[in-house]
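Understanding the architecture of this molecule
If you want the building blocks of each chain, they are given just below.
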Amino acid sequence: MNWIEEKLAERKYAEKPVKPKMTGNTSEDAKKYAIDLEDYEFQMDVYRELRVECAAHNLAIEQEIESRIKEDSGLNSIPEQYQDKVWSYAWSQGHSAGYHEVQNHLVNLVGIFL
């Protein structure tokens, strides 16, 4: 496993709780469903908070990966006026196949300047 895969493995995801279903037609079934539904609503609140935390955590990981790709590829050694354009082009050409492809495109593009 290379460093990109290791960093991507650190991402976190929240698990959505399962909404309860009413299983019978008695008043006892309705009471149980009401209790289960109340618990579900609490779990959903926790889930929503956890999703925000996971999104922030995952964004930090992706920013770290992108920063290291830029550094390793030598993007910072080309004229500053071209860096954003070169990165955008490499991203548009490779992101659908993963960070490795973006890095490959970036290395090739940076090579043109050096």
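First things first, this report covers the structure right here in the doc. Remember, predicted model here, so these are calculated numbers, not experimental data.

One way to put it is that helix α2 (residues 27-73) packs onto helix α4 (residues 99-113) with a least axis distance of 9 Å and a crossing angle of 30°. Taken as axis vectors, α2 and α4 run roughly parallel relative to one another. Considering the relative orientation of α2 and α4, their crossing is right-handed. Of α4, the residues touching α2 (which contributes Glu-62, Ile-65, Glu-66, Ile-69, Lys-70, Asp-72 and Ser-73) are Tyr-99, Gln-103, Leu-106, Val-107 and Val-110.

Another point: the packing of aromatic side chains. Under the defined criterion, the tally for this structure stands at three aromatic pairs. Relative to Phe-113, the ring of Tyr-82 lies with its centre 5.4 Å away and its plane at 35°, an arrangement referred to as tilted. Pair noted here: Tyr-82 is in helix α3 (residues 80-94) and Phe-113 is in helix α4, with a separation of 31 residues, a long-range link. For Phe-113, a relative accessible area of 36% translates into the label partly exposed.

What follows covers the nonpolar core. Counting residues in each nonpolar core, the largest one holds 15 residues, and the members touching the most others are Ile-65, Ile-69, Leu-75, Val-86, Trp-87 and Leu-106. Elements supplying a minimum of two residues to this core: α1 (3-9), α2, α3 and α4. It is α4 that provides the largest number of residues to this core, a total of five residues.

On to the pattern of salt bridges. Under the definition given, this model contains six salt bridges. The partner of Lys-32 in a salt bridge is Asp-36, and the shortest N-O contact between them spans 2.7 Å. Pair noted here: Lys-32 and Asp-36 are both in helix α2, with a separation of four residues, about one helical turn. Note on Asp-36: relative accessible area 29%, which makes it partly exposed. Among the salt bridges present, the one from Asp-45 reaches Arg-48, with a minimum N-O distance of 3.1 Å. With Asp-45 and Arg-48 both in helix α2, this residue pair falls three residues apart, about one helical turn. Taking the relative accessible area as the measure of exposure, Asp-45 reaches 42% and is therefore partly exposed.

Rules of the game
- Residues numbered from 1 in each chain as written.
- Predicted model: local features only at pLDDT ≥ 70, side-chain atom pairs only at ≥ 80, totals over all residues.
- Heavy atoms only, no water.
- Axes fitted to C-alpha atoms, helices over the stretch in contact; angles between N-to-C directions.
- Helix = DSSP H or I, 4+ residues; strand = E, 2+ residues; numbered from the N terminus.
- Parallel < 35°, antiparallel > 145°, perpendicular 65-115°, else oblique.
- Left-handed = near helix turned anticlockwise from the far one by under 90°.
- Contact = heavy atoms within 4.5 Å.
- Phe/Tyr/Trp six-rings, centres within 6.5 Å; stacked < 30°, edge-to-face > 60°.
- Buried < 20%, exposed > 50% of the residue type's maximum accessible area, 1.4 Å probe, protein only.
- Core = buried A, V, L, I, M, F, W, Y, C linked by side-chain atoms within 4.5 Å.
- Salt bridge = Lys/Arg side-chain N within 4 Å of Asp/Glu carboxyl O.

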